[in-house]
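# Analysis of the macromolecular model
Given next are the chains, with one letter for each unit.
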Amino acid sequence: MRKYFSGVVILALLTMLVTACSGDAGNSAAPSDASSSGSSQTTGDQPKDGGNLIIGVQADPVILNPNYAGDRVSLTIDQALYAPLFQVNNGKKTFYLADSLEPSADNLTYTLKLKSGLTWHDGEKLTADDVVFTIDKILDEKQNSMLRGNFIIHGKPIKAVKVDDTTVEFKLPQVSPAFEATLVQVTPIPKHIFEHEADIEKSPKNNTPVGSGPFKFKEYKTGEYVTLERFDNYFGGKPHLDTITYRISKDANASNLALQNGEINIKYVDPQDAATIEATGNFEMKNYSEGRLAYMLFNENSDTGLMKNKEVRQGLSYALNREELIQVAYTSPDYADPAKSFVTPDGLYHDNNVTTYDNDVEKAKELLQKNGVVGKTLRFIVTSGNKAQEAIALYVQQKLKDVGVNVEIQSMDASAFSDKFTNPETSDYELTVGGYIMGFDPDAYSILYTTGSDSNYAHYSNPEVDKLFQEGAGEADTAKRGEIYKKLQETIAADAVIYPIAYTKTIVAVDKKFGGLDEAVLKPVVIFEDPSKLYQK
Amino acid sequence: MKRLIVRRLLQTVPMLFFVSIVCFILVKAAPGDPVRSFITPNMHAEDIERVRHNLGLDKPAYIQYFIWLKNCLTGNFGYSLVNHKPVMGQILERLPATAGLMGSAIALAVILAIPLGLVAGANRNRWVDKLVNMIAYIGISLPLFWLAILLMYFFSIKMHWLPSMGMRTIGVNSALDVIRHGILPCVVLAIGFLTVYVRYIRSSTISQLKEDYVQIQYAFGSAKRIILFRHVLKHVVLPVITLVGMSMGDLVAGAIVTETVFSWPGIGSLGMTAVRGMDYPVIMGITLFSSVLLILGNLLADILYGIVDPRIKTTR
């Protein structure tokens, strides 16, 4: 009798819990401080001033100084706090602080003109001095800026020289068409603030940043949020929103709930959660290309030596089907475009019409049989908990089993994985999944595919590829340069150095209360290129 | 009593030393490299080496340890390898959030656990006991992150009674606002503590009820309620003191899971970030800080023991 009783209580408790979570949305009687529950659809498309936007981010910003920011959150906040010189979208330049950028006839000098009347958030003038100061500090070895490598061409630094208050000349040691891509990453920092700091990275002045962007720093509560407020003297016109707050929430499930509760207005969502969020009808779901390639890597350093053989790599590729892989890893073709070239679609000279080894089981069997891979076991390393990686590994395991090759999946934590992945000595695995975002200039890819480079994770070596990358880096003629990179894309694809899977997309959920998304330009990593254009409807 | 305190305080020194060594070895033995958080694929090998050198990470591990130890003795707990802010500053900045949350959770748990445990113990194997036991079992078995999400879904999303995340409404600085934000995480944590406390108090009540003094009270015809709350209670509180003393470490170490789910800006989430980034100065700082508190908490528990139960004082 007593046992029976406790059974009933457990049941009662469980039903309580279950009804608690299946309760209908109808009883949302008093939305106390949750501001957004019933988004009123007054589509007054005229931008309105005022309003506060909350963007969900996954972590505290590491450092709000563009010379050091490398993490997503810092980069995202810096985009609103500091204005860039210019940005590039689909090969077209949009100028921000800069007015123009012109190369000289010999392509060894670039002249940058700044807009006139620019100011920092504290009212000081922003001039050529600040730009030169920023470049000097990037180049200063004592300052640990991670951008330094980009300003060194074949061991020689690029020099920045002030001509007058709004003009800077960049002197290159040799012709480098990739220079514009380098300059895109530069965001001036204020000289008058950091001039006398011995170690800018450790300076407490980074805690109250002074920028030049549409929003200025207001408040940072560690572990909670960063709030920026409108900068009325922004050169691009007064921003519409009063404030933007970046709210820190590390747990994906909890922050998805907060999004639905109106405590967050904009955040990244995983493909797996997109449908649930969309079903609420309160959000506009924006998918856009991240300029990122997700690929399967063949480790040519593996101690079995199998991956060094081009035919083995081709054979393994033949066993797979790209569309299926995308379905498995990203749940829908909406969230990833099939990839064939190692250059992402936003990159210059991108060409997806290259050789591909795909979806031909007979050819796979033939090539693998011929090279003695059938019956062998390949080791596939993945980061445990990374859903896309795990799904890809399981799919590949299944597909290769069909052609007689065993795959042993080794799951490890993130730091162990990145140790193995980046250490050039690692020889105890054959397959893994990687991804990269390299920017729009194809010269950036040379570090991934040239012989002996630190970031050549596949350990691929082909003298022809090395030569082509070198030619491409120094070729000023656009047509000739295009030919070189087309050839490179074909060579690397034909050699099956990697198995390109997809150009992945970012999904951002935006509360329908907010508009101006197209004008603000959705951008990989930082979400919006120019947040001054966002407004509350 | 004074001698006891001094002796115990002296004992903490080698203990902390030992803790710091073990912690350092564990961090260094784990896979991963703190320099990785600085490097981008575009960095050249010499740049990476330069960063490593500037951070002092190119020296042998034991030298790194002694440098760290030397700095600690001069009150400098180092800088985070990731964001370069002083470690002690970061811990102290987050301490109020964690201490407030954990303190109120422990207090709530104790306040609820004492009557529940007493009543359950006094009614052993009766339905009240069964019910309390069962709730305790469910509480122990429930994954707290799941319970947290469930409560959040019900009280924030469905009913709109409480905010779901953070410690404050943006831009608002009032104690009431912080309390509103703290209710859900506090309840979740309290359930975690409560279930353990209740079990202790229940068994201690059962054993006390067999003692002679209780039998005598019964013989004198005292009411059960009076025996329980006037006499047994005093003895039952003893294990609670130990338990709370042992929870002192948690007061500063924070609750990683609960803090993460509720975006509570405490030391737990700081610690998790540090572990992910192999940020050893921060990891060491948090470990040492919570070890000190744990040791002090135990000491405090011993002293309180002496006050509550004079028999213990004389035996030492």
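Residues numbered from 1 in each chain as written. Chains lettered and ligands numbered in written order. Predicted model: local features only at pLDDT ≥ 70, side-chain atom pairs only at ≥ 80, totals over all residues. Heavy atoms only, no water.

### Notes on the overall build of chain B
If you tally the helices and strands in chain B, you get 13 helices and zero strands. The linear arrangement of helices and strands in chain B, starting from the amino end, is α-α-α-α-α-α-α-α-α-α-α-α-α. For chain B, the proportion of its 316 residues judged to be buried stands at 47%. When contacts within chain B are restricted to residue pairs at least 6 apart in sequence, long-range pairs at least 24 apart make up 74% of them. When the accessible surface of chain B is split by element, carbon and sulfur atoms take 70% of a total near 15400 Å². (Helix = DSSP H or I, 4+ residues; strand = E, 2+ residues; numbered from the N terminus. Buried < 20%, exposed > 50% of the residue type's maximum accessible area, 1.4 Å probe, protein only. Contact = heavy atoms within 4.5 Å. Areas by Shrake-Rupley, 256 points an atom, 1.4 Å probe, with all protein chains shown as cover.)

### Let's talk about the sheet that holds strand 4 (residues 98-103) of chain A
All names here are of chain A. Taking strand neighbours across the sheet as the criterion, the four strands line up as 4-5-9-8 in an open arrangement whose pairing is antiparallel. A single partner strand is all that each edge strand has here, and the edge strands are strand 4 and strand 8 (159-164). When strand polarity is set aside, the average angle formed by the axes of neighbouring strands in this sheet is 20 degrees. Taken strand by strand, helix 3 (residues 128-139) contacts strand 5 (109-114), strand 8 and strand 9 (167-171), and its axis lies near 170 degrees from that of strand 8. (Pairing = 2+ DSSP bridges. Axes fitted to C-alpha atoms, helices over the stretch in contact; angles between N-to-C directions.)

### Remarks on the UniProt feature "domain: Solute-binding protein family" (unreviewed entry) in chain A
In this structure's numbering, the residues bearing the UniProt feature "domain: Solute-binding protein family" (unreviewed entry) are residues 97-456 of chain A. When the span residues 97-456 of chain A is considered, its composition is 27% helix and 25% strand, and the gap between its end C-alpha atoms is 35 Å. (UniProt positions renumbered as here; feature names shortened; annotations may be inferred.)

### Describing the pairing of strand 4 of chain A
Residues in a regular strand point their side chains to alternate faces of the sheet. All names here are of chain A. Relative to strand 5, strand 4 runs antiparallel, the two being bridged by five bridges. Note on strand 5: the bridge partner recorded for Ser100 is Lys113. Here strand 4 folds back onto strand 5 in antiparallel fashion, the turn holding five residues, of which Asn107 has a positive phi close to 60 degrees.

### Considering a nonpolar patch on the surface
On the surface, a nonpolar cluster with roughly 390 Å² of combined accessible area is contributed by Tyr62, Ile63, Phe66 and Ile67 of chain B. Inspection of the secondary structure assignment puts Tyr62 of chain B in helix 3 (residues 61-73). (Patch = residues over 30% accessible without salt bridge, like charges linked within 9 Å, V, L, I, M, F, W, Y side chains within 5 Å. Salt bridge = Lys/Arg side-chain N within 4 Å of Asp/Glu carboxyl O.)

### Points about the pattern of salt bridges
Inspection of the entire model under this criterion finds 29 salt bridges over all chains. Arg168 of chain B is paired through a salt bridge with Glu224 of chain A; the nearest N and O atoms lie 2.9 Å apart. With Arg168 of chain B in the loop between helix 6 (144-158) and helix 7 (175-209) and Glu224 of chain A in the loop between strand 10 (215-221) and strand 11 (225-230), the pair connects residues from two separate chains. Glu224 of chain A matches Arg168 of chain B in its accessibility class, with the two residues each being buried. Ionic pairing is found between Asp428 of chain A and Lys420 of chain A, a salt bridge with its closest N-O pair at 2.8 Å. For Asp428 of chain A, a relative accessible area of 29% puts it in the partly exposed group.

### Quick word on the environment of Met438 of chain A
Note on placement: Met438 of chain A falls in the loop between strand 18 (431-437) and helix 13 (446-449). The spacing of Met438 of chain A and Asp346 of chain A is 92 residues in sequence and 9.9 Å in space, taken between C-alpha atoms.

### Remarks on the UniProt feature "transmembrane region" (unreviewed entry) in chain B
All names here are of chain B. Mapped onto this numbering, the UniProt entry annotates "transmembrane region" (unreviewed entry) at residues 101-122, 134-155, 182-200, 236-262 and 282-308. Helix makes up 91% of residues 134-155 and strand 0%, and the two end C-alpha atoms of the span are 24 Å apart. Helix and strand shares over residues 182-200 are 100% and 0% respectively, and the end C-alpha atoms of the span are 27 Å apart.

### Structural notes on the packing of helix 1 (residues 2-29) of chain B against helix 12 (residues 280-308) of chain B
Residues and elements named next belong to chain B. For the pair helix 1 and helix 12, interaxial distance at closest approach is 10 Å and the crossing angle is 150 degrees. Compared by their axis directions, helix 1 and helix 12 come out roughly antiparallel. Helix-helix and strand crossings are classified by hand; for helix 1 and helix 12 the assignment is right-handed. For the contact of helix 1 with helix 12, the class distribution of residues is 17 nonpolar, five polar and three charged. (Parallel < 35°, antiparallel > 145°, perpendicular 65-115°, else oblique. Left-handed = near helix turned anticlockwise from the far one by under 90°. Nonpolar A, V, L, I, M, F, W, Y, C, P; charged D, E, K, R; others polar.)

### Thoughts on unusual backbone geometry
Residue and element names in this part refer to chain A. You will see that Thr331, though not glycine, has its phi angle at about 65 degrees, which is positive. Tracing the backbone shows Thr331 in the loop between helix 9 (322-330) and strand 15 (336-338). On the accessibility criterion, Thr331 (33% relative accessible area) is partly exposed. In this structure, Val525 takes a positive phi of about 65 degrees despite not being glycine. Following the sequence through the fold, Val525 ends up in the loop between strand 21 (522-523) and strand 22 (527-528). Given the relative accessible area of 17%, Val525 is considered buried.

### What about the packing of aromatic side chains?
Counted under the stated rule, the structure contains 21 aromatic pairs over all chains. With centroids separated by 5.9 Å and ring planes inclined at 50 degrees, the aromatic side chains of Phe86 of chain A and Phe95 of chain A adopt a geometry described as tilted. Assessed through its relative accessible area of 28%, Phe95 of chain A is described here as partly exposed. Considering the side-chain rings of Phe155 of chain B and Trp161 of chain B, the 5.9 Å spacing of their centres and the 40 degrees angle between planes classify their relative orientation as tilted. Judged by relative accessible area, which is 23%, Phe155 of chain B ranks as partly exposed. Here a set of aromatic residues connected by ring pairs shows up, and it is made of Tyr295, Phe342, Tyr349, Tyr436, Tyr445, Tyr449, Phe469 and Tyr485 of chain A. Stacked on the ring of Tyr499 of chain A, the Lys or Arg Arg322 of chain A has its end atom at 4.7 Å from the ring centre. (Phe/Tyr/Trp six-rings, centres within 6.5 Å; stacked < 30°, edge-to-face > 60°. Lys NZ or Arg CZ within 6 Å of the ring centre and 35° of its normal.)

### A few points about the nonpolar core
All names here are of chain A. Ranked by internal contacts, the top residues of the largest apolar core, which has 50 residues, are Tyr330, Phe380, Leu400 and Leu431. Per-element accounting of this core gives the leading share, six residues, to helix 11 (residues 387-402). Ranked by size, the runner-up nonpolar core spans 42 residues in total, among them Ala98, Ala128, Ile153 and Val186. (Core = buried A, V, L, I, M, F, W, Y, C linked by side-chain atoms within 4.5 Å.)

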